[in-house]
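# Structural characterization, general
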Amino acid sequence: MTLMNPLVRPVITDDDGRSEDEKLVTFEARVAAGEKIEPTDWMPDRYRQQLIRMVQNHGNSEIVGALPEREWIPHAPTFKRKLALTAKVQDEVGHAQLLYRVVETLGKPREVIIEELLNGTAKYSNVFNYPPETWADVGIIAWLIDAAAIIRQMLLREGSYGPYSRALKRICYEESFHLKHGHDICVTLATGTQFQRDMLQDALNRWWNPIVGFFGPPDRASVHTDELMRWRVKLKTNDAIRQQFFDQYVPRIWELGLSIPDPELRKDDESGRWLYTEPDWEEFKRVIKGHGPCNAERIAVRRLAHEEGEWVRRALAAAANDQAVPVQ
Amino acid sequence: MDSDTQWVTWEVLHQEKRGDPHVHVGSVHAPNAEMALILAKEQFARRQKCVNLWVVPTVAIVSMPYDDADIFEAGTDKSYREAWGYKVRERVRAARELDRLDPKEDDAGE
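Residue positions are given per chain, counted from 1 along the sequence in the order it is written. To read the labels, note that chains go from A and ligands from 1, taken in the order they are written. Reporting in this predicted model follows two pLDDT cut-offs: at least 70 for local features of residues, and 80 or more for side-chain atom pairs to be given and counted; totals over whole chains, interfaces and linings ignore these cut-offs and use all residues.

### Digging into the domain arrangement of chain B
Formally: The start and end points of each domain follow an automatic or database-based domain assignment.
By domain assignment, chain B separates into domain 1 (9-60) and domain 2 (68-97). Taking only C-alpha atoms, the centre of domain 1 of chain B and the centre of domain 2 of chain B are 39 Å apart.

### Considering the interface of chain A and chain B
Note the following rule: For every residue pair, C-beta atoms are placed from the backbone, and the pair is scored as a contact if these atoms sit within 7 Å. The numbering of helices and of strands both runs from the N terminus, where a helix is a DSSP run of H or I of at least 4 residues and a strand a run of E of at least 2. Each residue is assigned to one class: nonpolar for Ala, Val, Leu, Ile, Met, Phe, Trp, Tyr, Cys and Pro, charged for Asp, Glu, Lys and Arg, and polar for all the others, Gly among them.
Every contact between the two is made by 31 residues of chain A and, on the other side, 28 residues of chain B. Every element with two or more residues in the side of chain A that touches chain B is listed here: α3 (79-105), α6 (162-190), α9 (238-255) and β1 (266-267) of chain A. Residue contributions to the side of chain A that touches chain B peak at 11 residues, all from α6(A). Its residues assigned to classes, the side of chain A that touches chain B comprises 13 nonpolar, nine polar and nine charged.

### Comments concerning unusual backbone geometry
Positive phi, normally seen in glycine, also occurs at Arg232(A), with a value near 55°. Mapped onto the elements of the fold, Arg232(A) is located in the loop between α8 (225-230) and α9.

### Digging into the sheet that holds strand β3 (residues 52-57) of chain B
All names here are of chain B. The criterion, for reference: Any two strands between which DSSP finds at least two bridges are classified as paired. Throughout, an axis means a line fitted to C-alpha atoms (over the contacting stretch in the case of helices), and angles, computed between N-to-C directions, take values from 0 to 180 degrees.
Spatial ordering of the open sheet is given by β2-β1-β3, a layout of three strands whose pairing is antiparallel. Single-partner strands in this sheet number two, and they are β2 (23-29) and β3. Taking the axes of each pair of neighbouring strands and ignoring which way they run, one obtains an average angle of 30° across the sheet. Relative to β3, strand β1 (residues 9-15) runs antiparallel, the two sharing six bridges. By the bridge assignment for β3, leucine 13 is matched with tryptophan 54. Relative to β3, helix α1 (residues 33-44) is tilted by about 130°, and along the sheet it contacts β1, β2 and β3.

Below, the structure is given as structure tokens:
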């Protein structure tokens with residue numbers, strides 16, 4: 001019997017005499033049968049690289065996404081809102097920890113993940129490069145961006161990589177509170193004074209385009225989609241998820257008496273698809289490349305937190321040399 | 001008998017289906033990891049469906065004392081951090097009945 005640690009990728013077990021093509025056939029058959037792939041299993045290199053890219057991006061988005069919301073904790077209008085927002089920020093940072101662990105099972109060390117975020121080479125969700133200007137922004141972000149994230153993550157939960165799939169179960173559970181809390185903030189403002197309603201409408205006007213862009217570029221611009229769908233790294237195309245979001249949330253936004261700032265937005269009766277104005281994808285690319293309104297600030301705050309946390313890492317390293325022995 | 005002649009114990013974690021979490025099901029005595037896996041298979045995977053087993057030396061496990069269980073209790077009401085703590089649909093319905101919302105009619109609407 002071969003003994004192995006189930007979480008550490010063995011170096012030699014891949015060498016079982018089968019060709020790469022034969023391994024790929026087995027791999028694809030397993031994925032097609034709905035089986036999960038575990039860290040010790042053989043996987044195509046493109047599968048590994050794509051998952052690293054995607055899960056690392058997801059983890060970074062949880063960390064960076066907590067930054068704009070955290071700015072509002074001292075300014076929350078009631079004590080209950082302050083507690084809820086603090087809890088949400090805490091959840092998001094916890095999600096990043098779960099996701100970074102998943103990336104580590106794919107062979108990329110945590111130090112490298114952290115360094116890539118600090119030096120600005122790593123990507124995260126573009127939507128977090130925009131500023132939250134008013135309290136209404138906090139509601140719109142928690143309601144609609146978390147809704148968008150939940151739709152995507154509920155699909156990814158059914159994906160083929162075991163550790164990611166299991167982490168997403170817990171993440172989706174916690175995100176459901178974020179969404180409810182955000183919706184609750186929006187309902188309060190929508191049923192409030194004229195000033196509050198205007199503030200909510202203004203927030204939606206500024207966030208709508210980044211939210212539509214949240215699902216990524218249109219399918220016609222994606223090259224590897226077929227392979228990623230076959231490997232269950234992607235479960236639906238960007239456009240299909242965007243349509244699902246419109247189906248679920250446009251009626252709920254209208255229900256609050258809000259206007260969506262897109263004159264083209266309507267559901268086409270014949271095709272059953274939503275027609276809408278494409279976000280400016282050139283701007284999207286520009287912001288991803290680091291030229292958005294808040295990119296530099298987000299990374300600077302992250303770097304400051306990292307530097308100020310240095311003493312904690314030192315204290316933990318000292319504790320590691322001072323291992324406690326369990327009581328027998 | 002004043003000495004324990006048994007082998008050390010190993011805790012057994014059982015996975016029913018690929019992708020599921022491994023669940024603790026019991027323990028076995030064994031002289032080494034390989035024998036622990038063999039015995040775990042005989043004991044815990046005879047009938048129940050199983051695709052994978054983990055064994056961990058019992059001494060490697062560190063537990064919190066049950067006396068500390070109160071640290072898991074919330075000292076105050078934490079419903080603000082639960083989805084069920086918000087009754088948003090009810091609020092929207094109530095606001096509509098009171099005509100506090102002003103839905104924009106749209107020809108593509110529901």
